[in-house]
Each structure stands twice: as C-alpha cells, then as structure tokens.
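# Coordinate inspection notes
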Amino acid sequence: MKSATTGTRGMFTSDRGMNNFNNRMFTFFVWGISACIILFICALLYLILQKGLPSLTWDFIMGLPSEMEEGGGIGPALFNSFYMLLISLLIAVPLGMMAGIYLAEFAPENKVISFVRICVEGLASVPSIIFGLFGIALFVEMFQVGLTIIGGAVSLAFLNLPVMTRVTEEAIRAVPQDMKQASFALGATHLQTIRRALIPTAVSGIVTGICLVAGRAFGESAVIILTAGVTTSGEMWDFNLLSPGETLAVHLWYVQSEAIVPDAVSISDKSAAVLVFIILMFNILFRIPLWIKERKSR
Amino acid sequence: MQPIAMSAKDLSVSYGDSPAVRKVSLDFAAKQVTALIGPSGCGKSTFLRSLNRMNDLIPNCVVTGEIWIRDQDVNSPSTDVVSLRQKIGMVWQRPNPFHKSIYENIAFGPRYHGVKNKKKLDEIVEESLKKAALWEETKDRLHNSALALSGGQQQRLCIARSIAVKPELILMDEPASALDPVSTSKIEELIAELKQDYCIVIVTHNMHQAARVSDKTAFFLNGEVVEHDLTHNIFTNPQKPATNDYITGRFG
Ligand SMILES: Nc1ncnc2c1ncn2[C@@H]1O[C@H](COP(=O)(O)OP(=O)(O)OP(=O)(O)O)[C@@H](O)[C@H]1O
Ligand SMILES: [Mg+2]
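Being a predicted model, the structure only gives us computed values, none of them experimental.

Another point: the overall build of chain B. Each helix and strand counted, chain B has 10 helices and 10 strands in total. The globule rule puts the C-alpha radius of gyration for 252 residues at 18 Å, and the 18 Å found for chain B is close to it. Along the first, second and third principal axes, the C-alpha set of chain B runs to 55 × 45 × 35 Å. Burial analysis of chain B (252 residues in total) assigns 52% to the buried set. Look at the contacts in chain B between residues 6 or more apart in sequence, and 66% of them connect residues 24 or more apart. Within the structure as shown, chain B displays about 11000 Å² of accessible surface, and the carbon and sulfur contribution to it stands at 49%. With 30 positive and 29 negative side-chain charges, chain B shows a separation of 4 Å between the mean positions of the two kinds.

The following block contains the structure:
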C-alpha cells in the first residue's frame, strides 16, 4: 500500500513545498494590496469628511449662496444636483434599459449590430466634456435656450445612456439560458419572459449600473458647466426647467477657482463633505432593497 | 390501447448543414411513458426539443416533417406557440428553478395564462406540489427561496412547475441524471404516479431506469430510430443487433 502511494507520488514531480510557499506569498500579496487600498480610501474619506462635517449647519445646506460676503449657503446648488439627477435618470434609465434589452434579446447577430455595440462601448468612455460640447450645440445654439437645467439634465442623460445600455445588456446576458428556456417552455411570450424571468434575475446588475450612473451624474462637472452654467436662479425650490442649473459639484469648483467670497475654502470643504456623504448614501440606499431581497431568498 | 397523444412523422432536424435527427416517426400514447435511449449525441434532446418547438430558440436549427398533437400541426406557422407550450411541459437535466420563492415558481406559469385570483393560485400551487410529491416538505416554507431546496427537491419543483399549467404531455430530458440515488427513485416514483394523467416522454442514459419507468422504448442511433417497441420486448428480446449491443453495454 505504502509503496503504491510513493509510486504515484513519483509521477507528479512538482514541488509541493514551493507551491505552498507561492500560494502563501500570493495570498499575502493580495491581502496587503487590498489593505493598502482600503486604508487609502478610508484616509481620503476621513480627510474630506473631517474637514467639512463638523462645521456643517442646516443654514449652510439650505441657505442661498452669496457673491461677496461670508456665510453663503449651497441650497439652490444642492437642489439643482438632485433635480437634474432625477431628470437625467428618468431619461437615461428607461432608454438605456430598453436599448440594453434590445441588444441582449432581440438584436440579430450581424455586422451592423456589432458595429452599434462597438459604438456604445466607445461612447461609454468618451470624455464627458465632449457631451458638454454636444449639449451646447444642441441647446444653446440650435434651440437657443441658453444655459438651463433641462439642457444640463438631457446632456447628462446622454452621457450616461451608453453606460446604462452596456450594463443592462451584460446583466441580461448573464442570466442563465436555462432560466429563459424554462419560462418559454411554460408558454410565456418573449415579453413576459423578459419582464418576469430575465429582469428580476438581472436586477442586481442593473441596480449596480444605476448606482454607477447616478454617482457619475451627481459628481459630473464639465457637462454641467457647459450646458447648465455656473449660476443658479438664486431661489430655493426652483422647479423651472429653464433656470440656470449650477450643481453642487460645479459650485465646489466655482468657489475654489473663481469666487471672491472670503470664506471660499470653508465653503468648498463643506461642499465636498456634503457631496461625498450623499454619494455614499446613494450607494447604500440603492442596495437596501437588494439586501432585503437576498435575505428573503436565503 | 390508449389513444395517441402526439405523433411525429418523418421528422428531421438539422443544425445548419449537419443533420441531427433524420426522418424519425414515433407515436406517443396517452397515459404512457416512452423512454428514448441511445448513445450520446444521437439526437435525443434535439428530437425532444422539436416536440414543443423549443428549437425555435436556436437560430440555425431547421425542422422539417410533421408533428401532430391531436389534430393540431405543431410545425405549422399558424400554430400558437404559446398555447402549444402550455400543453407540453418540459423538465431539464439540471434543475432550473427561477430565483424566486417556491410559491412564485409554481404560480409563474398560471399567471402567464391569466390566473389572477389569489385563492385559485393557492389551490393550483398546493395541487401541483402534491402531485409532485413535494407538498409535505415545502408547505411550511412556500415563500422561501426555491434555491434553498436540495437538487432533488428542485427537480420535483420543476416538475410541479410544469404541471401547474395543466399540460397534456411532459417531456423530460435526463431528469434524474444529476441526482443522487434516493432522489432518483423519488423522481421515478413520481413518473409512475404522473403517468395516470399525462403522456410522458423521457430521455435517459440509465438502462435500468428506462426498464423500470417506461412502457415503450425507442432506441436512437445517429439521428434515426433503430427500434421502437414495448420496453419489455426491447430489453428482453431486441430485434436489431445494434439495440442488443447498446443495451448490453457493448457500445455507447
Ligand atoms: N445548439 C446546437 N447547435 C449546433 N449543433 C447542436 C446543437 N445542439 C446539439 N447539436 C448537435 O446535434 C447532435 C445531437 O445532439 P443532441 O443534444 O440532440 O444529442 P443527445 O442524444 O441529446 O446527446 P446526450 O445524450 O449527450 O444528451 C450532436 O451532434 C450535437 O453536436
Ligand atoms: Mg441530451
């Protein structure tokens, strides 16, 4: 028995000790790098939040900005951020999802479609300022509406459309084929299969996509500067789509680089903290329904 | 003698230029189990999939010939595929429940076909699970995820799901080959039970299983049916040498 084992061992000549050592080194290496990255992110968050959060007040968050004196708030810019985000998501998410579903489920396999796919992929990585220029051409020059909330929101939607399309397509494609077959075999139509079997299974990937897109829209500045401007209407809760639409991210840049208020540094610290805090919240809030769903399905 | 539930006449299927099923003619009687046996790659699954037009989903798949379910021509372009597939349940080798609760898995099909009433759905779910011998194990956890069930339970759930739309036939493609012996024998008992109401066509690589569960057996080889007869005759007194070689394990 014993000789038999050594006999087989003789065939597999690789060095166990060396393999084990490599394995351990690799684990250590990966672990170390992850730790570094997490440390870096935590430090960054700490730095931003620690500078801004302690001096944050409701007056600052809801207050009107001032051009000259100290003590201006970020109310309208913050409102615009959410308002434009909402409008751009209302445009980009349904359109992007439909395009993604089309590419994953209905598009024939031919050259035209592969070309479209390459274009979508390319568009997803085009610098955002290009979309800003496109927004100018469309809204400022063609429609002559000037720098507006609607112009900014639509340009943001264009910016996010390709990403949303890609993510949806990938998520739908990742659903196992046999799930789709099971639905068809029960007599479901294609539409029913997509609605009841494919989307519910792909929802986690799609929500990740929405988070990504929302975060990007919320933090975007180049597109907004070009299409919605660097001023607000100066009023709180201004739902007019044709008002100028400076957002928080733009305000941050504006205060840092252009403004002449004496407390610019403090304003930008606090704005940065609010911005980071909100984006963190997004990612958590969007995930909660998924967590609940996962809980249930365990 | 039972009436014929479904019959295929000169059915050929090819993928692009390569034929997978050649001129197969088979009749399936109601309330009987027909086993399809044969070596790997001989076209059993392809044949089975053409019975409920699942081959429509494969882009380069060409089906010619006739399939009749009562007086309906399955392959006719005017056939309503949705109601056809509702009449023909299908179970795969790998259990494929939806990522939903047990209840939702069963209610999935009936919902498609317009059952909205909650009480009616409850009834269908209970009845289907009972028929699939899964009710006792799941009645207290109907709203838990179907993915938490064992493989064997998942497969019975898939069977329950397919009978929830009240089909006339059930097609099974190696329904037990991914399961342990205990689950396998449960599935076999279930097939014997279901035979009272349905016409069942089952693909299997397990000779003993074919002998145990089926009334008739068809032996496929290279896309053709070599022999089709009562299971008893096939296993005790095959007429063709190829059949004999296969069931005695000399090839395949
Ligand atoms: N989607 C497909 N596209 C192209 N060829 C296919 C496809 N599915 C099956 N085939 C080919 O058709 C032939 C029959 O395959 P099929 O799956 O029907 O065999 P089978 O009898 O079910 O085999 P097994 O017992 O291994 O499941 C094989 O040669 C296979 O390569
Ligand atoms: Mg097969």
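With that settled, the discussion passes to the sheet that holds strand 4 (residues 61-69) of chain B. What the four strands build is an open sheet, ordered 2-1-4-5 (chain B); its pairing is antiparallel. Two strands lie at the open edges of the sheet, namely strand 2 (18-29) and strand 5 (72-73) of chain B, each paired on one side alone.

Let us look at the packing of aromatic side chains. Aromatic ring pairs are defined here through the distance separating the ring centres and the angle between the ring planes. Enumeration over the complete set of coordinates arrives at 15 aromatic pairs over all chains. Taking the centre distance of 6.2 Å and the plane angle of 50 degrees together, the rings of F282(A) and F286(A) count as tilted. Separated by four residues within a single helix, F282(A) and F286(A) lie in helix 12 (residues 264-296), roughly one turn from each other. By relative accessible area, which is 12% here, F282(A) ends up buried. Three or more aromatic residues joined by ring pairs form one cluster here, namely F79(A), Y83(A), W237(A) and F239(A). Lying across the ring of F60(A), K270(A) places its NZ or CZ 4.4 Å from the centre. Here R161(B) stacks its cationic end above the ring of F98(B), 4.6 Å away from the centre of that ring.

This next bit is on the site of ligand 1. All names here are of chain B. By nearness alone, 13 residues border ligand 1, and S40, K44, S45, T46 and H205 come closest of all. One of the backbone nitrogen or oxygen atoms of G43 is found 3.0 Å away from an oxygen atom of ligand 1. At a separation of 2.6 Å, an oxygen atom of ligand 1 approaches a polar side-chain atom of H205. In isolation ligand 1 exposes 630 Å². Once the protein is present, 60% of that is buried. Considering every element that reaches the shell around ligand 1, the biggest residue donor is helix 1 (residues 44-51), with four residues.

Before going further, it helps to examine the domain arrangement of chain A. Residue and element names in this part refer to chain A. Taken as a whole, chain A is organised into domain 1 (2-54) and domain 2 (56-297). Spacing between the C-alpha centres of domain 1 and domain 2 amounts to 36 Å. Between domain 1 and domain 2, roughly 660 Å² of surface is buried when both sides are summed, and carbon and sulfur atoms account for 76% of that area. It is I48, G52 and L53 that lose the most area in domain 1 upon contact with domain 2, and together they represent 54% of the buried surface on that side. Summed over the shared surface of domain 1 and domain 2, the number is zero salt bridges. Residue classes in the side of domain 1 that touches domain 2 are distributed as five nonpolar, one polar and one charged.

Further remarks concern helix 4 (residues 75-106) of chain A. Taking 1.5 Å of rise per residue, the 32 residues of helix 4 of chain A would be expected to cover 46 Å, and the 45 Å separating its terminal C-alpha atoms lies within 8% of that figure. In the structure, helix 4 of chain A departs most strongly from a straight axis at L89(A), where the bend amounts to approximately 25 degrees.

Attention now moves to the packing of helix 3 (residues 102-112) of chain B against helix 6 (residues 151-163) of chain B. Residue and element names in this part refer to chain B. Running from amino to carboxyl end, helix 3 crosses helix 6 at an angle of 30 degrees, the nearest separation of the two axes being 7 Å. In this structure, the crossing between helix 3 and helix 6 has a hand that is right-handed. Contact with helix 3, carried on its side by I102, N105 and I106, involves L157, A160 and R161 of helix 6 and no other residues of that element. Of the residues in the contact of helix 3 with helix 6, the class split is four nonpolar, one polar and one charged.

A few words now on the interface of chain B and chain A. Counting residues at the interface gives 24 residues for chain B and 20 residues for chain A. Interface of chain B and chain A: buried area, both sides summed, is about 1900 Å²; carbon and sulfur atoms make up 64% of it. Seen at the junction of chain B and chain A, the total is one salt bridge. Where D178(A) meets R94(B), a salt bridge forms, and the shortest distance between an N and an O atom there is 3.0 Å. There are seven residue pairs in polar contact (both at pLDDT 80 or more) connecting chain B and chain A. Taken together, the elements giving at least two residues each to the side of chain B that touches chain A come down to helix 2 (81-87), strand 6 (88-91), helix 3 and helix 6 of chain B. Among the residues making up the side of chain B that touches chain A, the classes are represented as 11 nonpolar, eight polar and five charged.

Another aspect to go through is the pattern of salt bridges. Overall, the coordinates contain 18 salt bridges over all chains when judged by the stated rule. Residue R111(B) pairs with E104(B) through a salt bridge whose shortest N-O separation is 2.5 Å. Note on R111(B): relative accessible area 28%, which makes it partly exposed. Linked by salt bridges that have partners in common, R117(A), E121(A), R166(A), E169(A), E170(A) and R173(A) make up one network.

All names here are of chain B. Taken together, the six strands give an open sheet; going across it, the order is 6-7-8-3-9-10, and neighbouring strands pair in mixed fashion. Either end of the sheet is taken by a strand with one partner, and the two such strands are strand 6 and strand 10 (224-230). Sheet twist, expressed as the mean angle between neighbouring strand axes with direction ignored, is 15 degrees. The pairing of strand 3 (residues 33-37) with strand 9 (residues 216-221) spans four bridges and is classified as parallel.

With that settled, consider the environment of M179(A). On the secondary structure map, M179(A) appears in helix 8 (residues 177-185). Taking the C-alpha atoms as reference points, M179(A) and T201(A), 22 residues apart in sequence, are found 9.2 Å from one another. Leave out the neighbours within four places in its chain, and M179(A) touches T201(A), N96(B), P97(B), F98(B) and H99(B).

Residue and element names in this part refer to chain B. Ranked by size, the top nonpolar core spans 91 residues in total, and within it M6, L36 and F47 carry the most contacts. Once residues lying within four places of it in the same chain are set aside, the contact partners of M6 are L26, D27, F28, L51, I67, W68, I69, V74, I88 and L169. Counting residues in each nonpolar core, the second largest holds 40 residues, with A35, L142, I163 and A164 among its members.

Conventions we followed
Residues numbered from 1 in each chain as written. Chains lettered and ligands numbered in written order. Predicted model: local features only at pLDDT ≥ 70, side-chain atom pairs only at ≥ 80, totals over all residues. Heavy atoms only, no water. Helix = DSSP H or I, 4+ residues; strand = E, 2+ residues; numbered from the N terminus. Rg over C-alpha atoms; globule rule 2.2 N^0.38 Å. Buried < 20%, exposed > 50% of the residue type's maximum accessible area, 1.4 Å probe, protein only. Contact = heavy atoms within 4.5 Å. Areas by Shrake-Rupley, 256 points an atom, 1.4 Å probe, with all protein chains shown as cover. Lys, Arg positive; Asp, Glu negative; His and termini not counted. Charge placed at Lys NZ, Arg CZ, Asp CG, Glu CD. Pairing = 2+ DSSP bridges. Phe/Tyr/Trp six-rings, centres within 6.5 Å; stacked < 30°, edge-to-face > 60°. Lys NZ or Arg CZ within 6 Å of the ring centre and 35° of its normal. Near = heavy atom within 4 Å. Polar contact = N/O pair within 3.5 Å; in protein donor to acceptor, adjacent residues only side chain to side chain. Domains from an automatic or database assignment. Buried area = accessible area lost by both parts, 1.4 Å probe. Salt bridge = Lys/Arg side-chain N within 4 Å of Asp/Glu carboxyl O. Nonpolar A, V, L, I, M, F, W, Y, C, P; charged D, E, K, R; others polar. Expected span 1.5 Å × (residues − 1). Bend = angle between axes of the 7 residues up to and from the residue. Axes fitted to C-alpha atoms, helices over the stretch in contact; angles between N-to-C directions. Left-handed = near helix turned anticlockwise from the far one by under 90°. Core = buried A, V, L, I, M, F, W, Y, C linked by side-chain atoms within 4.5 Å.

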